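# Working through the structure, step by step
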Amino acid sequence: MNLQAFSSTPLTTVALEQRDELPLLRIGNAHAETLIALQGAQLIEFTPKGQRPLIWLSENAEFKRGQSIRGGIPVCWPWFGAIERNPESVRHMASGENLPAHGIVRNANWILEAISEQTDATRVTLSYATMATTQTEWPHDATVRLTISVGKTLRLELSTRNEGRAPLAITQALHSYFPVSDIHALEVRGLEQARYIDALDNWRECIQTGAVQFCGETDRIYLDVPPIIELLDRNEQHSIFLRAHNSASAIVWNPWIDKAKRLSQFAPDAWQRMLCIETANALTDCVVLAPGAEHTLTVEISGHCPT
Ligand code: TA6
């Protein structure tokens, strides 16, 4: 990767770091600082100037080639979760046995396409192309592009373009990990009355009553969700807001005590200090792309209520 083309400017610092086996791109400007692993185009840090980090990274995170980093915002594409749990149209796109959870790009080497300055943010664009002739697990011609806008807020735009001559069906998620002071004092607002599929109760369909609170392992796919979701940390009287676009599903996940012990790169007590809210197109919210069509899933993350 020749980063010489991406040098710092008076407004933006650009630096390439190496952490164990992985190259990381550090971007800083007047508004915030972020760190992005080129492998998987995985953002792993985002801290607005003068504020606390808005993204959680495991203290046991490892930086190994071919292995997803625990935390940040892994990109799940071109399917979310286990392929077997996806709609038939999506399952039909994949090929082979023992396919990885969360698709094929979160451990792949993405291309750093551009770093550009906007009036209120620095935009980093990375891409990954699949080809029917070489991609055995998902043999289709497509390009997935992630544009990360680093400003007072963090905005991720995940675009998929169908470069082939047949329709594509995908599910996807921006699998965001958030820091919380204590999961027992956290509630998620905005999902009241939404339907959800409970992955821990035989994938039964349920209805959310009131804010989501946590007293055990939680792994739910919410459907028909509104664009704005709030994580309210009642201890710290601090909220993180997510505003989504082109996404009608969201996954809420906390491993709690027992699953935490089985997770890689995860301290036994880390479940108390994190929560995943994943902006997705999952299950019935899957995306079908005609040849040449493009779809963009967007999430904007901030410490202030979006207007
Ligand atoms: O998004 C929730 C989930 O599917 C959980 O079931 C759990 O497996 C989590 O993702 C983490 O998956 P990973 O493959 O990153 O360990």
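Please read these numbers as outputs of a predicted model, since none were measured by experiment. (Residues numbered from 1 in each chain as written. Predicted model: local features only at pLDDT ≥ 70, side-chain atom pairs only at ≥ 80, totals over all residues. Heavy atoms only, no water.)

The next thing to look at is the sheet that holds strand 5 (residues 75-76). The sheet built from seven strands is open, its strands ordered 5-11-20-19-16-13-14 with antiparallel pairing. Of all strands in the sheet, those bounded by a partner on one side alone are strand 5 and strand 14 (204-207). As judged from the five bridges shared by strand 19 (residues 249-254) and strand 20 (residues 274-281), these two strands associate in the antiparallel manner. When the sheet's bridge partners are listed, V252 is paired in strand 20 with I277. (Pairing = 2+ DSSP bridges. Helix = DSSP H or I, 4+ residues; strand = E, 2+ residues; numbered from the N terminus.)

Take the pairing of strand 6 (residues 111-117) next. Strand direction decides the pairing type here: strand 6 and strand 7 (residues 121-130), joined by six bridges, are antiparallel. Counted as the bridge partner of L112 is L126 from strand 7. Count of turn residues in the strand 6/strand 7 antiparallel hairpin: three residues.

The next point concerns the nonpolar core. Judged by nonpolar contacts, the single largest core of 90 residues is most densely connected at W110, L275 and I301. The residues contacting I301, other than those within four sequence positions of it, are L54, I55, I73, T153, L154, S176, F178, I240, F241 and L242. The next biggest cluster of nonpolar side chains, apart from the first, holds eight residues, and it includes L24, A37, I44 and A61. (Core = buried A, V, L, I, M, F, W, Y, C linked by side-chain atoms within 4.5 Å. Buried < 20%, exposed > 50% of the residue type's maximum accessible area, 1.4 Å probe, protein only. Contact = heavy atoms within 4.5 Å.)

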